[in-house]
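# Structure at a glance
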Amino acid sequence: KPVDDETYLRRVFIDLVGEPPTTDDVLAFTLNADADKRWQLVNQLLADESYGRNWARYWRDVILYRRTDERGLLSARSLENYLTEHFNKNTPWNKIATAFVTARGDVKQNGATAIIMAQQGQPEDTVAEMSRIFLGIQIQCAQCHDHPTDRWTRDQFHELAAFFPRVAVRPKRDQDVPSFEVVGSDTTVETRRKSNNRFRGTPEHRMPDLENPEKQGQIMQPVFFVTGDEVPLGTLDADRRSQLASWITGTENPWFSRALVNRIWAELVGEGFYDPVDDLGPERACSAPQTLDYLAAAFRDQQHDLKWLFATILSTETYQQESRRRRTFEEMPHQANCSQRLRADQLFSSLVTVLQMPDSVATVSRQRSSRYSPRSSFNSVFGFDPSTRRSDVSGAIPQALLMMNSPQIGQYVLARRDRMLGRLLNEVTDDRQALRELYVQVLSRQPTEKELDTCLKYRRNVGNRAEAFEDILWSLINTAEFLHRK
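For the structure given in this document, a descriptive report is provided here.

Each value, and the rule that gives it
- Residues numbered from 1 in each chain as written.
- Predicted model: local features only at pLDDT ≥ 70, side-chain atom pairs only at ≥ 80, totals over all residues.
- Heavy atoms only, no water.
- Buried < 20%, exposed > 50% of the residue type's maximum accessible area, 1.4 Å probe, protein only.
- Helix = DSSP H or I, 4+ residues; strand = E, 2+ residues; numbered from the N terminus.
- Arc of directions from axis to C-beta.
- Contact = heavy atoms within 4.5 Å.
- Salt bridge = Lys/Arg side-chain N within 4 Å of Asp/Glu carboxyl O.
- Pairing = 2+ DSSP bridges.
- Core = buried A, V, L, I, M, F, W, Y, C linked by side-chain atoms within 4.5 Å.
- Expected span 1.5 Å × (residues − 1).
- Phe/Tyr/Trp six-rings, centres within 6.5 Å; stacked < 30°, edge-to-face > 60°.
- Lys NZ or Arg CZ within 6 Å of the ring centre and 35° of its normal.

Within the span of helix α15 (residues 375–382), buried status applies to R375, F378 and F382. Along α15, the residues classed as buried sweep out an arc of 60 degrees about the axis, all on the same side. Contacts made by the buried residues of α15 are with α4 (49–64), β8 (340–341), α14 (344–355), α16 (397–405) and α17 (407–413).

Spelled out as structure tokens, the structure:
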């Protein structure tokens, strides 16, 4: 059956803007009698600047989690800022994808260089990630041999890598702050080095000879494996990459729209049409092929409009169903929404909203004053690859310890007069009413009578009102309900 308003409100807030609603949001939504208030809410949140930031952080993790070198993190901030801007402007997904395929420049200034930087400019690793991210196809399984479970061949993998041999990632030495730049060089010459020179690039890509690794290997012509389209050997870097981008995003390629629709549906509903979300293909089983085909075709007809896709999925009955446990293999798919564990950024943003604490903290030392973001601590402990099956993502002891021992959380759970809890207890002297408002503040819902009775009994046993409410607040932010979105 359809989910209640309070649960729907928290679900949509977390899914779109990455944080829970405020108490004012809860009150306004529950009192709104308009029949289309859910549609109004979705459009309101899609226009909020936090929408772009939330989904930029999602894609930042998709792109950087499988980096081959830690220096790939140098592009993290520019990547997040780049995507935030374009998601809020509602730049079409095909134009965003094209920018990543054709990117050049300083990795700290042009966020679209992030995929190439994360893979250190290696043609094989770069095309494997671009295929996985933009097509949902794991063609890297064909790097050393024909794909074991799909039709893609080893030749097709290296023909795809042949679009990127002239790409190089070079250190920038003309500035104080270390950085790298992605360049496309058309003046490189063939050398006797067995491996590609990634600071300079190579004229063409060679497929290694597995029987005789000392040989240079066969030169591969750039061919797009989905359609068979090709460009001649000797084509300039900019031309071959722009041509590849047009084929990846073109109407003749069915996987571009399908991959994005499948991924966003899985993130919003909790179960994709293909699982995992980055392993589609002609030999893969789709759980609802007609639905995926319809949405992918409509997304393409809408000129790859991301906000249209979000609004469409959020308006479906499937999205608005009550949350259930993940289904077994024998059960029908897409009968309910699945509970989702919050991503690290969503969890930290939830704490910022609920506890009314700052996103960053000022520090002062003898040398200088600065600011650091505790968000990075949460990302290192709570972070996970968004492409991983959600059924494989679970809690861990370091996460529980961080929630219990974080100095910042500990400071903002206190009932001091300059803290959220202190202000609440000062304004609301009745314990029962204070508990109701605390539940709305933390979980975006009213407490049940059983929860009220349990908390009131605990309040009486402790005696000290502030200490009792501090314990209750601490317990609420450590519940599975707070750590997930239903």
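This next bit is on the pattern of salt bridges. Across all of its chains, the model carries 37 salt bridges by this definition. Of the charged contacts, one joins D385 and R66 as a salt bridge, the two residues approaching to 2.6 Å between their closest N and O atoms. On the criterion of sequence distance, the pair formed by D385 in the loop between α15 and α16 and R66 in the loop between α4 and α5 (76–89) is long-range, its members being 319 residues apart. Judged by its relative accessible area of 29%, R66 falls in the partly exposed class. The network of salt bridges with shared partners includes R53, R57, R60, D61, E80, D345, D359 and R375.

Sheet topology note: the strand β2 (residues 167–172)/strand β3 (residues 179–184) ladder contains six bridges and is antiparallel. Its bridge partner lying in β3, A168 is registered against V183. Where β2 folds back onto β3 in an antiparallel hairpin, the turn is made up of six residues.

Residues L16, W59, F87, W93, F100 and F134 are the most contacted members of the largest nonpolar core, which totals 91 residues. For this core, the element with the most residues is helix α11 (residues 255–269), which contributes nine residues. Ignoring any residue separated from it by four or fewer positions in sequence, one finds F134 in contact with W93, A97, F100, I115, I248, W255, F256 and A259. Judged by nonpolar contacts, the second largest core, of 38 residues, contains L347, V442, I472 and I477.

Let us now look at the sheet that holds strand β1 (residues 105–106). By way of backbone hydrogen bonds, the strands of a sheet pair with one another, either parallel or antiparallel. On the basis of which strands lie adjacent, the open sheet formed by three strands has the order β1-β3-β2 and antiparallel pairing. Pairing within the sheet leaves two strands with one partner each, and these edge strands are β1 and β2.

A few words on the pairing of β3. When you tally the buried positions in β3, you get five out of six residues, the bulk of the element. Alignment of β1 against β3, held across two bridges, turns out to be antiparallel. The residue of β3 that forms the bridge with G105 is V182.

Structurally, the α-helix is built with 3.6 residues per turn, so residues lying three or four positions apart point the same way. Under the 1.5 Å per step criterion, the end-to-end length of helix α8 (residues 123–135) is 17 Å for 13 residues, consistent within 8% with the ideal 18 Å. Most of α8 is tucked away, with 12 of its 13 residues classed as buried. At the C-terminal side of α8, G136 shows a positive phi close to 70 degrees.

Before going further, it helps to spend a moment on the packing of aromatic side chains. Using the criterion set out here, one finds 16 aromatic pairs in the structure. Ring geometry for Y58 against W59: centres 5.4 Å apart, planes inclined by 90 degrees, an arrangement best described as edge-to-face. For the pair Y58 and W59, a shared accessibility class is recorded, and that class is buried. Between the aromatic rings of F348 and F378, the centroid separation amounts to 5.2 Å while the plane-to-plane angle is 55 degrees, which identifies the pairing as tilted. Of this pair, F348 sits in helix α14 while F378 is found in helix α15, placing the two residues 30 residues apart along the sequence. Taken as a pair, F348 and F378 share a single burial class, namely buried. Taken together, the aromatic side chains of Y51, W55, Y58, W59, Y82, W93, F100, F134 and F310 make up a single cluster linked through ring pairs. Directly above the aromatic system of F29 lies the positively charged group of K37, at a separation of 4.6 Å from the ring centroid.

This part is about the environment of R60. Following the sequence through the fold, R60 ends up in helix α4. Between the alpha carbons of R60 and N478 there is a distance of 26 Å; along the sequence they are 418 residues apart. Setting aside anything within four residues of it in sequence, one finds R60 in contact with Y65, A76, L79, E80, L83, D345 and N379.

With that out of the way, let us pick up the environment of N43. Summarising the element assignment, N43 is placed in helix α3 (residues 37–46). Judged by its relative accessible area of 35%, N43 falls in the partly exposed class. Taking the C-alpha atoms as reference, N43 lies 44 Å from T153; in sequence the two are 110 residues apart.

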